[in-house]
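Residue-level structural notes
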Amino acid sequence: RRARGWCPRPVMVAVPPSPSAPGGPEPPPPLQYSMLLQHLVGEQRRPRAWDPGALGGIPSPPKSEEQKMVERAMESCAFKAALACVGGFVLGGAFGVFTAGIDTNVGFDPKDPYRTPTAKEVLKDMGQRGISYAKNFAIVGAMFSCTECVVESYRGKSDWKNSVISGCITGGAIGFRAGLKAGVIGCGGFAAFSAAIDYYLR
Amino acid sequence: MTQACHRKCVPPHYKDAELSKGESVCLDRCVAKYLEVHERMGKKLTELSLQDEELLRRVQQGAGTA
């Protein structure tokens, strides 16, 4: 992509050609129109440095190459998916530990149903549930974020339909392992859930 | 170009100060298309004007020798 700093509409100059040569062998001078065009968009155009501040925005210092690279990395789909994965892991871990606390069925011994579970058993159960929830949340979060980013890059727009479509894809992919009908239900449910979250956040 | 791409890519209801990913992708594509169309039009116009020039030259030579 070449940068242009000049006005996007070339000036159409219709200059009549110079008076015809008196029949001699000298060629007539070139038309000014074509010369102008050659200088503006043809072979002889000058490369110009493009200063974004000159286009009427608030003047700001030009960004360095490293800054541009870092910003590009932070806006990429992979980074967003990784962020959602880590966030999902943390959230899932917390959620799993919390539900382990309120769901008391640890250490149930059929021979002695009133035995209180030992601390080691309780902690082990909390850890297991926390890890299992964390992994699930991380995978779901990463998938949702990745598909949403890809869909948004493809469509070129950012509105509510992106999260609905990616919710359907994620829910469908999760539910599809349990059969087609579960996949369809998962798609609809997750799409509705993400539409509701989106509506609430906007 | 700024006006055209802003009209096409940035919907008028602003929710955020930063450009979202979809909008940046759209602006990228808009600028690339604009510049390519511009270049092609320029080449075509140059071609047309060269043809005109040829025609004029032939007419002049014809008028000169006649």
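Residues numbered from 1 in each chain as written. Chains lettered and ligands numbered in written order. Predicted model: local features only at pLDDT ≥ 70, side-chain atom pairs only at ≥ 80, totals over all residues. Heavy atoms only, no water.

The name given to chain B in an unreviewed UniProt entry is Mitochondrial import inner membrane translocase subunit, with the source organism recorded as Syrrhaptes paradoxus. One UniProt comment on chain B, placed under Subunit (unreviewed entry), says "Heterohexamer." (UniProt positions renumbered as here; feature names shortened; annotations may be inferred.)

In the nomenclature of an unreviewed UniProt entry, chain A is known as Mitochondrial import inner membrane translocase subunit TIM22 of Syrrhaptes paradoxus. Chain A has a UniProt comment under Subcellular location (unreviewed entry) that states "Mitochondrion inner membrane". Regarding chain A, the UniProt comment filed under Subunit (unreviewed entry) reads as follows: "Component of the TIM22 complex."

As for the overall build of chain B
Within chain B, the secondary structure is distributed over two helices and zero strands. Sorting the 66 residues of chain B into buried and exposed places 27% on the buried side. Carbon together with sulfur atoms contributes 59% to the accessible area of chain B, which is approximately 4,900 Å² in total. (Helix = DSSP H or I, 4+ residues; strand = E, 2+ residues; numbered from the N terminus. Buried < 20%, exposed > 50% of the residue type's maximum accessible area, 1.4 Å probe, protein only. Areas by Shrake-Rupley, 256 points an atom, 1.4 Å probe, with all protein chains shown as cover.)

Some points on the overall build of chain A
When helices and strands are counted, chain A shows six helices and zero strands. Reading the secondary structure of chain A in the N-to-C direction produces α-α-α-α-α-α. Counting every position in chain A, which comprises 202 residues, the buried fraction comes to 23%. Put simply, 57% of the contacts in chain A that link residues at least 6 apart link residues at least 24 apart. Within the structure as shown, chain A displays about 14,600 Å² of accessible surface, and the carbon and sulfur contribution to it stands at 67%. (Contact = heavy atoms within 4.5 Å.)

Description of the packing of helix α4 (residues 119–155) of chain A against helix α5 (residues 160–176) of chain A
Residue and element names in this part refer to chain A. At a closest axis distance of 8 Å, the pairing of α4 and α5 adopts a crossing angle of 135°. By the criterion of interaxial angle, the relationship of α4 to α5 is oblique. Here α4 and α5 pass one another in a crossing that is right-handed. Where α4 abuts α5, its residues Val140, Met143, Phe144, Thr147, Glu148, Val151, Glu152 and Arg155 lie against Lys161, Asn162, Ser163, Ile165, Ser166, Gly167, Ile169, Thr170, Ala173 and Ile174. For the contact of α4 with α5, the class distribution of residues is eight nonpolar, six polar and four charged. (Axes fitted to C-alpha atoms, helices over the stretch in contact; angles between N-to-C directions. Parallel < 35°, antiparallel > 145°, perpendicular 65-115°, else oblique. Left-handed = near helix turned anticlockwise from the far one by under 90°. Nonpolar A, V, L, I, M, F, W, Y, C, P; charged D, E, K, R; others polar.)

As for the state of the cysteines
Residue and element names in this part refer to chain B. Tallied over the full model, the rule gives four disulfides over all chains. The partner cysteine of Cys5 in its disulfide is Cys30, sulfur to sulfur 1.9 Å. A torsion of -90° about the S-S bond marks the disulfide between Cys5 and Cys30 as left-handed. Taken together, the residues Cys5 in helix α1 (residues 2–9) and Cys30 in helix α2 (residues 21–65) connect sequence positions 25 residues apart. Each member of the pair, Cys5 together with Cys30, is buried. (Disulfide = S-S within 2.5 Å.)

Digging into a positive patch on the surface
Residue and element names in this part refer to chain B. Taken together, the side chains of Arg7, Lys8, Arg29 and Lys33 present a region of like positive charge at the surface. Of all the secondary structure elements, the ones that give two or more residues to the positive patch are α1 and α2. In this fold, Arg7 is placed in helix α1. (Patch = residues over 30% accessible without salt bridge, like charges linked within 9 Å, V, L, I, M, F, W, Y side chains within 5 Å. Salt bridge = Lys/Arg side-chain N within 4 Å of Asp/Glu carboxyl O. Lys, Arg positive; Asp, Glu negative; His and termini not counted. Charge placed at Lys NZ, Arg CZ, Asp CG, Glu CD.)

Focus: the environment of A:Cys77
Looking at the secondary structure, you find A:Cys77 in helix α3 (residues 77–102). The spatial distance from the C-alpha of A:Cys77 to the C-alpha of A:Val150 is 6.9 Å, given a sequence separation of 73 residues. With residues up to four places along the chain from it excluded, the contact list for A:Cys77 reads A:Cys149, A:Val150, A:Ser153 and B:Lys21.

Quick look at the UniProt feature "transmembrane region" (unreviewed entry) in chain A
All names here are of chain A. Look at the UniProt record and you will see "transmembrane region" (unreviewed entry) annotated at residues 77–102 and 182–201. Along residues 77–102, the helical share is 100% and the strand share 0%, with 37 Å between the first and last C-alpha atoms. Across residues 182–201, the secondary structure splits into 100% helix and 0% strand, with the terminal C-alpha atoms separated by 28 Å.

Details of the side chain of A:Thr99
Counting through the fold element by element, A:Thr99 comes out in helix α3. Among the polar contacts made by the side chain of A:Thr99, one reaches the main-chain carbonyl oxygen of A:Gly96 at a distance of 3.0 Å. (Polar contact = N/O pair within 3.5 Å; in protein donor to acceptor, adjacent residues only side chain to side chain.)

Structural notes on the pattern of salt bridges
Under the defined criterion, the tally for this structure stands at eight salt bridges over all chains. Salt-bridge contacts for A:Glu71 lead to A:Lys63; the nearest nitrogen and oxygen are separated by 3.1 Å.

Observations regarding the nonpolar core
In this structure, B:Cys5, B:Cys9, B:Val10, B:Cys26 and B:Cys30 together form the largest nonpolar core, which totals five residues. Apart from residues lying up to four places away in sequence, B:Cys9 is in contact with B:Glu23, B:Cys26, B:Leu27 and B:Cys30. (Core = buried A, V, L, I, M, F, W, Y, C linked by side-chain atoms within 4.5 Å.)

Description of the packing of α4(A) against α2(B)
Across the interface, α4(A) lies against α2(B) with an axial gap of 8 Å and an inter-helix angle of 30°. The two elements α4(A) and α2(B) meet at a crossing, and its hand is right-handed. Every residue of α2(B) that contacts α4(A) at A:Cys149, A:Glu152, A:Ser153, A:Tyr154 and A:Arg155 is listed here: B:Lys21, B:Gly22, B:Val25 and B:Arg29. A per-class count over the contact of α4(A) with α2(B) returns three nonpolar, two polar and four charged.

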